[in-house]
Every structure is written in C-alpha cells, then in structure tokens.
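Fold and geometry: a report
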Amino acid sequence: MAELENPNMMPNLLTFLSSLLEEVAESNDVNSGFKAQKISVFHGLTRPTISIQSYLDRIHKYANCSPSCFVVAYVYLDRFAQRQPSLPITSFNVHRLLITSVMVAAKFMDDLYYNNAYYAKVGGISTTEMNFLEVDFLFGLGFNLNVTPNTFYTYHSYLQRKMMLQQPPLAESSLSLGSLKVAHLCFNEEESTHQKQQLAFKTLTTDFKILDIRLGTI
C-alpha cells in the first residue's frame, strides 16, 4: 500500500508491532504456569538481551525487504499463534519467530530477497538453526502462506487505526495470550491457492558488521 511507502510510516509501524509483541510475550510469560506449553526450536534457554524493538529495527535496517513484508509477517504470526495454541509467543521465542516470519514473508512477497544465511546473520543465529526455524514455521502454518488483498487490507487497517488512535495494542490483539480472552483478527479470510513466486537471490554487496546478538542456546 502507498501508506507503507511513506518514510514516516515505517518507524511508527515497527514501534507499534514491537509494543504489541512485547505485551503479548509478557502476558504469556505470566500465564505460562496456568497452561501446558511445549518447547520448540524457537525457544531459547534464556531471554535475549536485545529488546524486541531493537531487534525489529535491526531486521528492517538490514533485510531490505518491502514494507508490506512486515504486515504479512504479522499475519503469519497471528496464524501461527492460532494454529499452535500450545506454543504461545513468549519472551523466550518471540525473537526467533520474528526473524523467521519476516524471512518467510520476504520470500513469498518479494521478487528479490536475501538467502537464509544472510537472515541468520541479521538474526544473530547460525544458518543451520535458521533452516530448522523456517521448516518448523512453515509446518506450524500448515504452509498457509497466501495472503489475499482483503486479508492484507484488514490487518494493515487494524494496525493503522491503532497507531492513529494510539490505543493499547492488547485491546484487540489476535495473538495468543494464554488464558486471556481476546478477539481474533482473521475476519473470515478468503484464502486462494498459493501463487508461485519466482526464486531469486540478492548478492550481498554491502559491507557492514553484524552485531553480536545473544539469543541463548537451545
């Protein structure tokens, strides 16, 4: 959408998304003792030292994916949370889920995108781990990657409305909040069959130092 191309829009979107994910993760951390959860490849032994906001800003800075990918990544996270109720988003897995969702969104949405090795460096993990995360994420979604224009508009409008009103994001969050009761945001998606995307890779030419991010050891 044209609004996403506005340079002033993305910082607000990233801030709101990070705030939403942070509150969801904190809520699920609190409620983790009341509902059975299983450990997955997305879980770290310790909480990452980097904040969700800084991590999302880092992904945006180095991934060079289209702005729409961040909305689609949000759609994927919502679907994942709904399909995997025993794997709620917590402070122990939110970073890995975030880098994986953005990478998968970029592969599905963009004609040109970086490979797994590059995203692994951006995310502060190994390429092998990035590969495992991608596979588990795809199975967790049931390979339901297609996002119709109507679905995209629904999620984008929700985010835009909330940013404009500057209301607490948890009021209508569709991400799993453990035992908390919240409205779903998928609004009767009309999903069509998957469209094939041309596979292409960007050549990494930018010389920069990847920061050392401590995500913990699984």
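A brief report on the enclosed structure follows.

As a further point, take a nonpolar patch on the surface. Together, Val135, Phe139 and Phe143 make up an exposed nonpolar region whose accessible area comes to about 300 Å². Here phenylalanine 139 shows up in helix α7 (residues 127-140). Given a relative accessible area of 57%, phenylalanine 139 falls into the exposed group.

Moving on to the packing of aromatic side chains. Enumeration according to the criterion identifies seven aromatic pairs in this entry. Judged by centre distance (3.7 Å) and plane angle (20°), the ring pair of tyrosine 114 and tyrosine 118 falls under stacked. Summarising the burial analysis for this pair, tyrosine 114 and tyrosine 118 share the class buried. Plain terms: the ring middles of phenylalanine 139 and phenylalanine 143 are 4.9 Å apart, the flat faces sit at 75° to each other, and that makes the pair edge-to-face. By relative accessible area, which is 39% here, phenylalanine 143 ends up partly exposed. Three or more aromatic residues joined by ring pairs make a cluster, and in this case those are Phe42, Phe80 and Phe137.

Turning to the packing of helix α2 (residues 9-31) against helix α8 (residues 149-165), a few remarks are in order. When two helices pack together, you describe them by how their axes are tilted relative to each other and by the distance separating the axes. Here α2 crosses α8 at 90°, and the two axes come no closer than 10 Å. As summarised for this structure, α2 and α8 are arranged roughly perpendicular, according to the angle between their axes. Residue-level inspection shows Met9, Asn12, Leu13, Phe16 and Leu17 of α2 in contact with α8, the latter providing His156, Leu159, Gln160, Lys162 and Met163. Here the contact of α2 with α8 is composed, by residue class, of six nonpolar, three polar and one charged.

Counted according to the given criterion, the structure contains three salt bridges. Residues aspartate 29 and arginine 47 are paired through a salt bridge, measuring 3.9 Å at the closest nitrogen-oxygen approach. In this pair, aspartate 29 sits in helix α2 while arginine 47 sits in the loop between α2 and α3 (52-63), placing the two residues 18 residues apart along the sequence. Taking the shortest distance from any N to any O, the salt bridge between glutamate 134 and lysine 107 comes out at 2.8 Å. Of the two residues, glutamate 134 is situated in helix α7 and lysine 107 in helix α5 (residues 94-109); the sequence distance between them amounts to 27 residues.

To continue, consider the environment of threonine 151. Mapped onto the elements of the fold, threonine 151 is located in helix α8. Note on threonine 151: relative accessible area 2%, which makes it buried.

It is worth spelling out helix α4 (residues 68-83) at this point. Its 16 residues give α4 an end-to-end C-alpha distance of 23 Å, which sits within 8% of 22 Å, the value for a rise of 1.5 Å per residue. Counting buried residues along α4, 14 of its 16 residues qualify, which places the element largely inside the surrounding structure.

About the thresholds
Residues numbered from 1 in each chain as written. Predicted model: local features only at pLDDT ≥ 70, side-chain atom pairs only at ≥ 80, totals over all residues. Heavy atoms only, no water. Patch = residues over 30% accessible without salt bridge, like charges linked within 9 Å, V, L, I, M, F, W, Y side chains within 5 Å. Areas by Shrake-Rupley, 256 points an atom, 1.4 Å probe, with all protein chains shown as cover. Salt bridge = Lys/Arg side-chain N within 4 Å of Asp/Glu carboxyl O. Helix = DSSP H or I, 4+ residues; strand = E, 2+ residues; numbered from the N terminus. Buried < 20%, exposed > 50% of the residue type's maximum accessible area, 1.4 Å probe, protein only. Phe/Tyr/Trp six-rings, centres within 6.5 Å; stacked < 30°, edge-to-face > 60°. Axes fitted to C-alpha atoms, helices over the stretch in contact; angles between N-to-C directions. Parallel < 35°, antiparallel > 145°, perpendicular 65-115°, else oblique. Contact = heavy atoms within 4.5 Å. Nonpolar A, V, L, I, M, F, W, Y, C, P; charged D, E, K, R; others polar. Expected span 1.5 Å × (residues − 1).

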